[in-house]
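Working through the structure, step by step
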Amino acid sequence: MKKFCLLLILSVAAFFPRTQAQTIEAHLSDSSFVQLLTCGPGEEFYTTWGHSAIRICDSTLGIDLVYNYGCFDFDTKHFYLKFCKGRLDYFLSRSNYERFISSYAYEGRQIWAQLLDLTTQEKNNLFVLLETNYLPQYRYYKYDFFRDNCATRIRDIVNNSLIHRTLFVEENVQPAVSYRNLLYAPTESYLLWWRLGVDIVLGARCDKECTNLECMFSPIEMMNQVDTTCLKTKNEQGEWVSTGKLLMKEKVELLPNNRDAFHLSVNPTLTFWVLFLLVLSLTGIAWVKGLRLRWLDIILFLLPALISVVIIFLWFFSDHYSTKWNWNLLWANPLFFYFLIRLRRSHRVVLYVGMLCLLVVMTGFWWMPQQFNAAVMPICLTLFVRLLDKFRPLPEPTR
């Protein structure tokens, strides 16, 4: 009878109007348990940083569900435009545990499970919150990679389910880390070109020092904090103090990593240093022989010109938090469209401005509030050499 009542509540809840959504109740048994599931990286780039989900199991009631906040629909109208604008709806899904595990086993991805030490009332609180979030009117949300993703949603909902205690109190992390540091952590040498692309589109906000709460945008980092962080409660003075008790009771590996190893790729920094030496040599030969090398300028100037369009769009025309104040716009700037059009006839003042921007970036590696990818240095030097070449007098036309 108890099982029937709970299943009836879950079935009817999806049809409740907004004002009734808060009346959902749960009656999980004392034998129920909750696990934080942390999944390792997969084949697709967007799975590089892993994934988080939450499992609620009650064998007495025949319930074994996994709640997943990281879902999106590729068939969404104007999917890529909405993604670029930061206006793509993500949603909470609910699936059977066995189906969830089998999908990750098929991909060869690793999964860890951390059993959370919750009271029966806290488990019921969590269940009600998840079921309420699963209602159609609450299911969708605007995804933000750093501030509102599959991990941060679980962090917040678990914290909200606790009674007179908390796990996650915002504190500064020592030694200090930034969003960008945590992005680098799971990437290996085969992702260096992707890292370069990510570094180009992410702005200075990614280099601020993170608190422990902000670090938990990373599923792996959240798993590590749940491993080691003690629960806290308020004392008589209203201050959070440690209870000396961990939220996690035990941790097990549900699935091993069975993915094929990636092949190492050519280092982009090394590639662009080789390109710089090649361009420097060609420019020197051109000076001696009086050649113009227009074809080389077209190739070299087109890339930063196009990148500037992407940076400007993500900075000024998107809702992405992490792409604002992107000082890569100094070296990949719209002036290169002007240089492409004018080539050898560019105005000296504009050339000076373009070269100054490159110099600022090259010296800014040590003082600017944004961390640049190491490959940007040889890129800037290469562009600087070609702009400097524009001051060379044109050879006299032959009669």
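Quick caveat, the model's predicted, so the values are computed rather than measured.

This next bit is on the pairing of strand β5 (residues 111-116). Within a regular strand, side chains alternate between the sheet's two faces. Burial within β5 is extensive, with six of its six residues counted as buried. Where burial is concerned, the two faces of β5 agree: the one with Ile-111, Ala-113 and Leu-115 and the one with Trp-112, Gln-114 and Leu-116 are both buried. By the bridge criterion, five bridges tie strand β1 (residues 33-39) to β5 in an arrangement that is antiparallel. Bridging from a neighbouring strand, Gln-35 pairs with Leu-115 of β5. Sheet analysis places β5 next to strand β9 (residues 248-255), joined by six bridges and oriented antiparallel. Its bridge partner being in β9, Ala-113 is matched across the sheet by Val-252.

Okay, the packing of helix α10 (residues 268-289) against helix α11 (residues 294-316) next. Two numbers describe how α10 lies on α11: the axes approach to 12 Å, and their chain directions differ by 150 degrees. Taken together, the axis directions place α10 and α11 in an arrangement best described as roughly antiparallel. With respect to the hand of their crossing, α10 and α11 are arranged in left-handed fashion. Residue-level inspection shows Leu-275, Val-279 and Leu-282 of α10 in contact with α11, the latter providing Trp-295, Leu-296 and Leu-300. In the contact of α10 with α11, the residues fall into six nonpolar, no polar and no charged.

Counting through the fold element by element, Glu-122 comes out in helix α4 (residues 120-134). Separated by 3.0 Å, the side chain of Glu-122 and the backbone nitrogen of Thr-119 make a polar contact.

Time to look at the nonpolar core. By size, the foremost hydrophobic cluster in this structure holds 37 residues, and its most contacted members are Phe-301, Trp-331, Leu-358, Leu-383 and Leu-387. Beyond its immediate sequence surroundings of up to four residues, Leu-387 is in contact with Phe-301, Phe-336, Phe-339, Leu-351, Gly-354, Met-355 and Leu-358. Grouped together as the second largest cluster of nonpolar side chains are 35 residues, Tyr-90, Leu-118, Phe-127 and Ile-157 included.

Parameters at a glance
- Every chain is numbered on its own, with residues counted from 1 as its sequence reads.
- Local features in this predicted model are restricted to residues whose pLDDT is 70 or higher, and side-chain atom pairs enter the listing and the counts only when it is 80 or higher, whereas totals over whole chains, interfaces and linings include all residues.
- With hydrogens and water set aside, each side-chain value is computed from the structure's full complement of heavy atoms.
- The cut-offs for exposure are 20% and 50% of the maximum accessible area for each residue type, with area from a 1.4 Å probe on protein chains only; residues under the lower value are buried, those over the upper are exposed, and the others partly exposed.
- The secondary structure listing takes helices from DSSP runs of H or I that are at least 4 residues long and strands from runs of E that are at least 2 residues long, numbered from the N terminus.
- What makes two strands pair is DSSP finding at least two bridges between them.
- Axis definition: a line fitted to C-alpha atoms, over the contacting stretch in the case of helices. Angles run 0 to 180 degrees between N-to-C directions.
- Roughly parallel covers angles under 35 degrees, roughly antiparallel covers those over 145, roughly perpendicular covers 65 to 115, and oblique covers all other angles.
- Should the near helix be turned anticlockwise from the far one by less than a right angle, the crossing is termed left-handed; should it be turned clockwise, right-handed.
- Throughout, a residue-residue contact means that at least one pair of heavy atoms, one from each residue, lies within 4.5 Å.
- When residue character is reported, Ala, Val, Leu, Ile, Met, Phe, Trp, Tyr, Cys and Pro are called nonpolar, Asp, Glu, Lys and Arg charged, and the others, Gly included, polar.
- The term polar contact refers here to a pair of N or O atoms within 3.5 Å; inside protein, the definition further demands a hydrogen-donor-capable atom paired with an acceptor-capable atom, and it admits residues adjacent in sequence only when both atoms are side-chain atoms.
- Take the buried residues of types Ala, Val, Leu, Ile, Met, Phe, Trp, Tyr and Cys, join any two whose side-chain atoms come within 4.5 Å, and each joined set is a nonpolar core.

That's the geometry; what it means functionally is another story.
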